[in-house]
Amino acid sequence: MSPTTGCNPKVEIPSGPAERLAAQLSSMLPEAAVVQVRLQGPRTLWPHLGLTAVNARGRTLRVPRAKALTIARWIIRSFPQAGWAASGGHAFDLRTAELRGLEA
């Protein structure tokens with residue numbers, strides 16, 4: 001048996017696009033558990049995006065504006081079928097890589 005056996009554990013690589021996005025966002029927002037994305041203006045969709053990052057305890061995290069806009073656009077472009085204009089927004093869970101609608 002080699003002395004290096006077990007030194008380099010196999011890292012799980014996310015399989016689907018949602019899992020890859022969740023992994024990338026988790027590295028960008030290490031304390032966040034859920035990211036909420038909204039289109040704030042009903043008539044003008046861009047650049048009136050709203051993003052709120054929430055940790056596991058339900059506390060809102062501060063995200064700089066440029067990073068928030070970038071992440072919001074990534075999520076919207078990753079889930080074009082979600083009906084962004086017709087909804088009040090969606091929450092993307094970074095732990096499970098699931099997108100769900102925000103309750104009003």
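Residues numbered from 1 in each chain as written. Predicted model: local features only at pLDDT ≥ 70, side-chain atom pairs only at ≥ 80, totals over all residues. Heavy atoms only, no water.

Q: Sorry, what's going on with helix 1 (residues 17-28) here?
A: Helix length check: helix 1, at twelve residues, gives a terminal C-alpha distance of 17 Å against a target of 16 Å (1.5 Å per residue), a fit within 8%. Inspection of helix 1 places A18, L21, A22 and L25 among the buried residues, and these make up the whole buried set. Projected down its long axis, helix 1 shows its buried positions confined to an angular sector of 100°, all on one face. Of the surrounding secondary structure, the elements contacted by the buried residues of helix 1 are helix 2 (65-78) and strand 4 (90-93). (Helix = DSSP H or I, 4+ residues; strand = E, 2+ residues; numbered from the N terminus. Expected span 1.5 Å × (residues − 1). Buried < 20%, exposed > 50% of the residue type's maximum accessible area, 1.4 Å probe, protein only. Arc of directions from axis to C-beta. Contact = heavy atoms within 4.5 Å.)

Q: When you look at the sheet that holds strand 5 (residues 98-101) in this model, what are you seeing that I'm missing?
A: By definition, the strands of a sheet pair up through backbone hydrogen bonds, in either a parallel or an antiparallel sense. Read across the open sheet, the five strands follow the order 3-2-1-4-5; overall the sheet is antiparallel. The open sheet is flanked by strand 3 (60-61) and strand 5, the only strands paired with a single partner. Bridge analysis of strand 4 against strand 5 gives four bridges, and the strand direction is antiparallel. Considered in strand 5, the bridge of F92 is made with L99. Sitting on the sheet, helix 2 is in contact with strand 1 (34-39), strand 2 (49-54), strand 4 and strand 5, with an inclination near 100° to strand 2. (Pairing = 2+ DSSP bridges. Axes fitted to C-alpha atoms, helices over the stretch in contact; angles between N-to-C directions.)

Q: How do you make sense of the packing of aromatic side chains when you look at a structure like this?
A: For any pair of aromatic rings, geometry is given as the distance between the ring centres together with the angle between the planes. By the definition in use, this model includes one aromatic pair. On the numbers, 5.5 Å between centres and 55° between planes, the contact of F79 with F92 is tilted. Here F92 lies in strand 4 and F79 lies in the loop between helix 2 and strand 4, a separation of 13 residues in the sequence. The exposure class assigned to F92 is buried, which follows from its relative accessible area of 1%. (Phe/Tyr/Trp six-rings, centres within 6.5 Å; stacked < 30°, edge-to-face > 60°.)

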